[in-house]
Amino acid sequence: MKSFRNLIERQIQKAQAEGQLDNLPGAGKPLPDRSSEAGGDAAMNTAHRIMAQAGVLPEEFKIKKELDAARAEYPTLTDPEKRKAAMARLADLEMRYHMAQDARRSFMR
């Protein structure tokens, strides 16, 4: 274990000497507050953070946004045909949302 630490330390020193660690994004700024991640799974927290930084949302989150919007719109509809179409859309979004949740859960096991 000590030799592994030495190897890492040498690589860091080499990168510093070559200037590879100069002008990195966030240099001189405090680290972001990640106290909310303290109790969760470190791997999942890291994965979510990387996806958020890349501007990528899991399919489950995209569907959830659509579902919330469709739920908010439904009570405003008065035309029976539009309400029927909106109800079918809600059912489809609910099903897709639960399928995406199940897929994520089985993938993460």
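Refer to the structure above for everything that follows.
So, here's what we can say about the structure.

Calculation notes
Residues numbered from 1 in each chain as written. Predicted model: local features only at pLDDT ≥ 70, side-chain atom pairs only at ≥ 80, totals over all residues. Heavy atoms only, no water. Helix = DSSP H or I, 4+ residues; strand = E, 2+ residues; numbered from the N terminus. Contact = heavy atoms within 4.5 Å. Areas by Shrake-Rupley, 256 points an atom, 1.4 Å probe, with all protein chains shown as cover. Lys, Arg positive; Asp, Glu negative; His and termini not counted. Charge placed at Lys NZ, Arg CZ, Asp CG, Glu CD. Buried < 20%, exposed > 50% of the residue type's maximum accessible area, 1.4 Å probe, protein only. Expected span 1.5 Å × (residues − 1). Phe/Tyr/Trp six-rings, centres within 6.5 Å; stacked < 30°, edge-to-face > 60°. Lys NZ or Arg CZ within 6 Å of the ring centre and 35° of its normal. Salt bridge = Lys/Arg side-chain N within 4 Å of Asp/Glu carboxyl O.

Quick notes on the overall build of the protein
Each helix and strand counted, the protein has 4 helices and 0 strands in total. Traced from its N-terminal end to its C-terminal end, the protein shows the element sequence α-α-α-α. Based on the C-alpha atoms only, the size of the protein along its principal axes is roughly 70 × 30 × 25 Å. Considering only contacts within the protein whose residues lie at least 6 apart along the sequence, 42% involve residues at least 24 apart. Only carbon and sulfur atoms are counted for the fraction: they give 57% of the accessible area of the protein, which is about 9000 Å². Side chains of the protein give 19 positive and 16 negative charges; the mean places of these two sets differ by 4 Å.

Re the environment of Asp102
Secondary-structure assignment places Asp102 in helix 4 (residues 80-107). Judged by relative accessible area, Asp102 falls into the partly exposed class, the value being 46%. Separated by 20 residues in sequence, Asp102 and Lys82 have C-alpha atoms that sit 30 Å apart.

Digging into unusual backbone geometry
The phi dihedral of Asn23 is positive, around 55°, even though this residue is not glycine. Locating Asn23 in the fold gives a position in the loop between helix 1 (2-17) and helix 2 (42-53). On the basis of relative accessibility, which here comes to 77%, the residue Asn23 falls in the exposed class.

Some thoughts on helix 1
Across its 16 residues, helix 1 extends 22 Å between first and last C-alpha, which sits within 8% of the 22 Å expected from 1.5 Å per residue. Gly19 occupies a position one or two residues after helix 1 and carries a positive phi of about 80°.

Let's talk about the packing of aromatic side chains
Counting across every chain of the model gives 0 aromatic pairs. The aromatic ring of Tyr97 is capped on one face by Lys64, whose charged end is 5.9 Å from the ring centroid.

A look at the pattern of salt bridges
Summed over all chains, the structure comprises 5 salt bridges. One salt bridge in this structure joins Glu66 and Arg89, with 3.3 Å as the shortest N-O distance. Taken together, the residues Glu66 in helix 3 (residues 59-73) and Arg89 in helix 4 connect sequence positions 23 residues apart. By relative accessible area, which is 41% here, Arg89 ends up partly exposed.

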